[in-house]
Each structure stands twice: as structure tokens, then as C-alpha cells.
Amino acid sequence: MNINNSFYIEAFKRGLKPTKRIDIDEWSEQNIILSSVSSSSPGLYRLSITPYLREILKNLSCSSKFLKITIMKGAQLGFTNAACNFIGYYVDISPSPIMYVLPSVQLAEKFSKTRLKPMFENSKSLKNKIKDARERDSGNTILMKEFEGGYLAISGANSASSLCSLPIGKLVLDEIDRMPDDVEGEGCPIELSMQRTNTFPNKKIILISTPSLGASRSKINKSYLEGDQRKYFVPCPECNFYQTLEFEQLKWEEGKYHSVKYECISCKYLIEEYQKSKMLNNGEWRATAVSKDSTHASYFISGLYSPDGWFKWWEAVKLFEESKNDINKYKSFVNTVLGLPFEETGEIIDWEKIYNRRENYELNKVPIGGLFLTCGVDVQHDRLHCEVVAWGRNKESWSVDYRILYGKTDQNEVWQELAKIVNEEFDIEGSDLKMKISKMGIDASDGNTAFYVYSFCQNFKFTHVFPIQGRDKMTEYFNISPLREFKKTGHKLLKGIKIYRVNVNAYKAELMDYLSKNKSDFDLLMGYCHFPNYHESFFKELTCEYELKGKWIKQRSRNEALDCRVYARACASIFGIERFKEKDWFELERKLEIIKTNNIAIESENMIIKSSLGDKREIKETKEPNKNVQTMKKPTRKTHSWLNNSSRFSHW
């Protein structure tokens, strides 16, 4: 009898003894053993590998004041394991009803089998908490696991029935950007789930996601902005300046991904990736805003913080380089590596819209209003693409012809064909005169073909035919740069070469702005682009790129027509179109003797020129107009136009 009393007395004393407080970070390192199935770093859980998780886990613990935690993140950072630890902690230390919600029931089942099951089997403190599913009335199924003091429901956001009716004290909402806005007509699954926690004063809610929507629609971004917007600051190993890791600070040699280093924003020291581990362990979270709710902490971290051996900086650089010309790959890079919402800041031009407003004017003839010609040439290894463009007042333009000259560009034949275009004379509507190309700019950006471009250009005056190189970062439209010498193995040395470097980003932005407007949007037809009945392939190439955060992204692989137009526009700048005053335009018009009764009305000393789109321009006419101008015969269409298939100039 005394023995039994002693037993109860000792139990009573243990009950009076306060429980030692333990937070999730400590509990995880003592109890969680990662399996090779669920982790690339199997074994005892160590926060020294992912130190940025320690504060987050503490703030999810029983002792924390925070009731809601938002995590907007990149990929491969260890947050799924952290969420599992959160579940294990509350099953073991403070049992309560728990729900884990994923975008679909299928994902929920997969998560239960590949993540939760190994955790419960490998952890001694959890192993006996949930009965074996094979036992009768075990309460253990794939999507529902009962334990003393609570239960764990694993649900899919696409099933309204799995989100309702259950009271929940601890809630994890994983990948919320991939969840539907409405589930079976009953509302937002995120809100439905969170309503289950209303009766629990000590509730804990985690919202985790890699962004997959634009900033204005992203659920995780919205929640992050409502919190205190914490970011992880790490010290430079050289100057100890604390900073966040930004992709713009990665520096590497072009094409050599493994040469990447991180440039300190303060001292410019180039940090090697092996130094990242020490930086992470000395890092700290800093709030960058004031939360709308003092119990809500929000965190952002990009994939650049991924531990060494998981996801390396050179892999981020490689993904970035590979995504430059693929919009879907770039979106994936922004979401998974940068951990940011993908926002399409630039307008994507619909090629069909431009295709459907083609005009029925004659090719190889300068339309009324066109006052000078330029030609942009894009150089490929087996062909040259050329667009001849007529320019008028207010940067109004007409595509006169688009040609493809087939032939290897390291051979003379294709360049001889281009020389004929340099000297070609184009008929002018409303005049007996002819017009030649004033400026021709030829793409010399490719080091493999640049020698042949330079060699060709040296046969002409630099003011007439010249090489062009596109540059992304320039403050001016263009500049002239001399090349002291250029030599290609097996060829003569070229000296005294000058080249125009042009701001391709500025010209592309201007072109897309003009293409996006309707005819009615234009004041005096500013920048309006006229096109004849070209094939749809031309318009797909012309509109294949759009701007995203200062970078131009390809939607389609072919962009030769866009490059040609950019070079032709640069030639117009070099000709002086931005500097032209009224007298300059009038002088061009006077020289062309454009006097057609259906396009010009003369009122005393004032001449009003009406273009085919109804543009009105008033010009002082000092001389008596020539009343004896004869109507020009309709010229025969040339055989090397975009519309015709010819052996000399063939098209798509």
C-alpha cells in the first residue's frame, strides 16, 4: 500500500514541476531524422545547414506571440521539411487539431506518403504517437491521422468537403499561389481553411509559397506585403557590411557559369560561393515594414540563399542565360530562383492586330509622305535580311520592301546582291523622280560574320553604308566608335574601321509603343507604321519580343524582321530625323516635287499635304508650283519582293 502511495506522490510531484520550454528549432534538432527519400541531406536534422529557418521555427512555437507566418520564397531552401517539423512538434509537445492544405488532393496524398510517413517512422518521439494503419480502428489513413489530443488532416484546396466542418488549431497552407480562387462555388480555399481556426486563441497559421502569379494577383505576395516584410541580411566576409543577396550582384564571365562570384554592394569584394555558409550562419532577419497586424510576421528569401551543395550560384546564372530568349523559362527563373512574382511590365503586341491592318499599297515604290529611305540589314550565316523603310514627318514610316538574300555570308555572291540594293533606285508615287537609300546599317554584332560586314562596308562611303552593333545600355540613341584594326585568320588586316553602336532597347521600346496604337490614337500620325500585304511570318518576327523589367524577352525564335526595323530606325536617327526642323522637311518635299492633285491642296501661298491617312501639314510654298507635271506610268512590280517567290530573292 505504501508503495502505491509513493508512486502517486512521485507522479503528483512530477505534475507540479513546470515543463521545460522547448521551441520547434530545438525540438527539430533533437527529434527529427531525415530520410534519403525526403531530403538530399539525410540524417539528424541540422539548422546549421539552413540557419535562416531558426527564427521562423521559433516564431511558430507555443511560446511565440505570432499567430500568422507568411513565407514567400524561392525553391530548394528546406521549407517543406520545416513545415513537417511544425506538424511533428505539435503532435508531440502540444497536441491539437492540425490541417495541412496543398493545391490538390493528389498532391496531398503524395505529401503524406513521401514526407509525413518517413518523418513519423524515423522519429522516436513520434513513432508511437500514431497507430499503424494496418491495425483495426487505427484512425490512420493517408489523408487523416489521429493521435492523442488531436488529429492531422491532409487536404487538397480543390476539394471543398475536405476544408469544411473541422475545427483547426494549427494550419499549414502550402503553395497558395497554385490554389484555385474558388473551390466548387464555396469561396476561396484559403479563407475557408483559415475560418476553421477562429475558435482557437492560440492558433498558428503558416502560408508558404513560391510565387507563380503576377504581383497584383499573387496570393503569397499580398500576404507578404500585409506583414512586416522581413528579409535575411548576411555580412560580407571582407568588410562585414550586412546586405540581402541580389541576383544583380552576381558577376561572371560570359558563357563561363562556374566563374560566378558575388560582388559586395559596399566594398566590391568578390565573394566565393564556399564563403556563403559562414555568411548564412551569421545572418539575421530584419523587418523592412510595419505589419498591419502585430501578430503577423512575413518573410521573403530567394533561391540565392540555398545552402552550398543544394542549389549553386552558377546554376542560377545558367538558368538565367538559358531563359533570355524563352518567356516561359524566364518566368520560371523569376519565380523559383528569385522567389518573386512574375510581372509582365511591358505590353505584348498582338501580331495579328498589325497583320490585319495591312495596307494595299505597291511594293518597291515610295508612298506619298515618304521623304527619305533607310535600310536595315540583319546578317545570318546563310542569308541576309533587309528592310527598306521610307520615313516622313513625325517619324511616320512605310515599309517599302522586305527581302531575304540567300547565300553564305562568308562568300562574295550574297554581298554582291546586297550591293545592288545599295544603288537601287525606287519609284516615288506622285513624282517622276527616283529615290535611293540614304543610309544602310548592317548588323555586325556576330563576331563570326563581322569581318565580312566590315569588308563590305569599306567599299562605300561611311556616311552611306556602315556597320551597326546593338547595345543594351546606352544613354544616347547612337554613337560612333572607331576600331583601330580588325583581323580574321586567313584574311587581310582591316584598318580605320568605324562602327555605329546603337541603343536597341530604346528603338524597340519606341517601335512597340507605335505598334500598340490605333490609327485614331495618333496626333499628326506620330510614329505610325504602314505595312503592305506581307506574309504573316513577317509580323510574327516583328512582334516577337517584349520588355520585362528592362530586358527584352523573345516569345518566338525568329526576330530578323524586328532587328531589320530597329537598324533601319537607327539609320533614320543617323540621317537626322530627330534634329529636323520645318525647313529641313520642306526642303526634302521640294526636291521630290510631290504635287498630285488628289494629295495636295494649294491655297494661295500655303500648301497642305494630305497623306493617305488624312494627315494635314501646312508648309509655306515660295515658288509657283509646276502645273505641267505629268502623271507617272504605273511601274512594273519587281520580282524580288516579299510577295513573290524568285530564284534570286526567295522568301519563306
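Heads up: these notes are all about the structure in this document. For clarity, every value in this text was computed on a predicted model and none was experimentally measured.

All right, on to the sheet that holds strand S21 (residues 434–435) then. Spatial ordering of the open sheet is given by S16-S20-S21, a layout of three strands whose pairing is mixed. Each having just a single partner strand, strand S16 (365–366) and S21 make up the two edges of the open sheet. By the bridge criterion, two bridges tie S16 to strand S20 (residues 426–428) in an arrangement that is parallel. Considered in S20, the bridge of Val-366 is made with Ile-428.

This part covers the state of the cysteines. If you walk through the whole model with that rule in mind, you get zero disulfides. For the unlinked cysteine Cys-264, the closest cysteine sulfur is that of Cys-236, found at 3.7 Å.

Turning to the packing of aromatic side chains, a few remarks are in order. Summed over the entire model, instances satisfying the criterion amount to 36 aromatic pairs. Consider the rings of Trp-252 and Phe-320, whose centres lie 6.4 Å apart with planes at 80 degrees: the pair is edge-to-face. Pair noted here: Trp-252 is in strand S11 (residues 250–253) and Phe-320 is in helix H10 (residues 313–323), with a separation of 68 residues, a long-range link. Judged by its relative accessible area of 23%, Trp-252 falls in the partly exposed class. Among the aromatic residues, those joined into a ring-pair cluster are Trp-351, Tyr-355, Tyr-402, Phe-531, Tyr-534, Phe-538 and Phe-539. Taking the ring centre of Phe-233 as reference, the NZ or CZ of Arg-286 above it sits at 4.7 Å. A cation over an aromatic ring shows up here: Arg-358 above the ring of Tyr-355, its NZ or CZ 3.8 Å from the ring centre.

Pairing in this open sheet of three strands is antiparallel, and the strands run S11-S12-S13 from one edge to the other. The open sheet terminates on both sides in strands that have one partner only, identified here as S11 and strand S13 (270–271). Two strands pair when backbone bridges link them, and S11 and strand S12 (residues 256–263) are joined in this way by three bridges, in the antiparallel orientation. Residue Leu-250 lies in a different strand from S12, and its bridge partner there is Tyr-262. Along the sheet, H10 contacts S11, S12 and S13; its crossing angle with S12, the most-contacted strand, is approximately 115 degrees.

This paragraph deals with the environment of Phe-300. For Phe-300, the location among the structural elements is in strand S15 (residues 296–301). Exposure remark for Phe-300: the relative accessible area of 15% places this residue in the buried category. With 69 residues separating them in the primary sequence, Phe-300 and Lys-231 have C-alpha atoms 5.5 Å apart.

What follows deals with the pairing of strand S6 (residues 150–156). Of all seven residues making up S6, seven are buried, and the element is well covered by its neighbours. Taking every second residue as pointing to the same face, both faces of S6 are buried, with Gly-150, Leu-152, Ile-154 and Gly-156 on one and Tyr-151, Ala-153 and Ser-155 on the other. Bridge analysis of strand S4 (residues 98–102) against S6 gives five bridges, and the strand direction is parallel. Residue Val-101 lies in a different strand from S6, and its bridge partner there is Ser-155.

Moving on, we get to helix H14 (residues 450–457). The buried fraction of H14 amounts to seven of the eight residues, a majority that puts the element mostly inside the structure. Residues Ala-450, Phe-451, Tyr-452, Val-453, Tyr-454, Phe-456 and Cys-457 constitute the buried set of H14.

Rules of the game
- Residues numbered from 1 in each chain as written.
- Predicted model: local features only at pLDDT ≥ 70, side-chain atom pairs only at ≥ 80, totals over all residues.
- Heavy atoms only, no water.
- Pairing = 2+ DSSP bridges.
- Helix = DSSP H or I, 4+ residues; strand = E, 2+ residues; numbered from the N terminus.
- Disulfide = S-S within 2.5 Å.
- Phe/Tyr/Trp six-rings, centres within 6.5 Å; stacked < 30°, edge-to-face > 60°.
- Buried < 20%, exposed > 50% of the residue type's maximum accessible area, 1.4 Å probe, protein only.
- Lys NZ or Arg CZ within 6 Å of the ring centre and 35° of its normal.
- Contact = heavy atoms within 4.5 Å.
- Axes fitted to C-alpha atoms, helices over the stretch in contact; angles between N-to-C directions.

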